[in-house]
Amino acid sequence: YPQFTKYNCFPVVLNANGELWTANHHLCQFDSLRHLIREIETDAPSDGDNRIWSIFQDNMSTWWMGVGKPYIYNFNQSQQDKPQLFEAYNGFDALQKAEKWHFLENERGIWISANNGLYLLDKEKGIVARYSEQEEGAHHLPALQFHYTYQDKDGNLWLATGDAGLIKIGFDATSNPIVLQHITRANGLPSNELYPIFEDAFNHMWISSAKGLIKL
């Protein structure tokens, strides 16, 4: 496809309706025969940082896109003609200087894994928290680069980081995160640079890393 000559496709998502979506500098939908049936553009500058690094469809069928470093767009095709630029950073402007690698939604909001922290987005209020090694107190987590967030059946989050291995967190009575487990090269991982996490039917976790596939 000529649409994919500038960038390769990075994210691929099979949504709840069985639709296959991917993105490079456009959001694209394919049918089961791999025919391109829909292509959606953002208004990010075509000569600038407009690669779509991550895509996610929330429980209201709204798409969220991490575009380049500066941008987040959202798009609901039943309500909008084109993707809308997200602007509710609420002082957490560091997120505009980071690639957004992954989105995960749970009852607390949408978690954004970025290369300078883990952020929490409330769909009504905007960005409401940042967690990283640069934060103090309840917002401190022992990593800076977050690549992927997975929620297990108990509601705990497993954080695949780019610089500090695997972090498992729970939450206290006030919804502040608590580190339950931290696995690094020092206690068994082949690499501290981790990527997507998947859990199989036998409760084994599979994690891609810079030095191969990990099974927990």
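The structure this text deals with has already been given above.
Read on for an overview of the structure.

A few points about unusual backbone geometry
(1) Moving on: Non-glycine residue S61 carries a positive phi angle of around 70°.
(2) Moving on: Note on S61: relative accessible area 38%, which makes it partly exposed.
(3) Moving on: Located in the positive-phi region is N203, a residue other than glycine, with phi close to 65°.

Some remarks on the packing of aromatic side chains
(1) Moving on: Applying the stated rule across the entire model yields nine aromatic pairs.
(2) Moving on: Each ring, one from Y71 and one from Y73, has its centre 6.2 Å from the other, and the planes form 55°; the classification is tilted.
(3) Moving on: Given a relative accessible area of 1%, Y73 falls into the buried group.
(4) Moving on: Plain terms: the ring middles of W111 and Y131 are 5.8 Å apart, the flat faces sit at 40° to each other, and that makes the pair tilted. Linking W111 in strand β10 (residues 109–114) with Y131 in strand β12 (residues 126–131), this pair joins segments that are 20 residues apart in sequence. Like W111, the residue Y131 is buried in the burial classification.
(5) Moving on: Members of the aromatic cluster, each reached through a chain of ring pairs, are W64, F86 and Y89.
(6) Moving on: Sitting over the ring of W53, R51 keeps its end group 4.5 Å from the ring centre.
(7) Moving on: Geometry around F171 places R108 over its ring, the cationic atom sitting 3.7 Å from the centre.

Quick notes on the nonpolar core
(1) Moving on: Ranked by size, the top nonpolar core spans 15 residues in total, and within it W111, L118, L141, L157, L159 and I169 carry the most contacts.
(2) Moving on: A per-element tally of this core places strand β15 (residues 166–171) first, with three residues.
(3) Moving on: Among residues more than four places away in sequence, those in contact with W111 are H102, F103, L104, N106, L118, Y119, L120, Y131, L157 and F171.
(4) Moving on: Listed in part, the 14 residues of the second largest apolar core include I72, I112, A114 and L121.

Reading guide: rules and limits
Residues numbered from 1 in each chain as written. Predicted model: local features only at pLDDT ≥ 70, side-chain atom pairs only at ≥ 80, totals over all residues. Heavy atoms only, no water. Buried < 20%, exposed > 50% of the residue type's maximum accessible area, 1.4 Å probe, protein only. Phe/Tyr/Trp six-rings, centres within 6.5 Å; stacked < 30°, edge-to-face > 60°. Helix = DSSP H or I, 4+ residues; strand = E, 2+ residues; numbered from the N terminus. Lys NZ or Arg CZ within 6 Å of the ring centre and 35° of its normal. Core = buried A, V, L, I, M, F, W, Y, C linked by side-chain atoms within 4.5 Å. Contact = heavy atoms within 4.5 Å.

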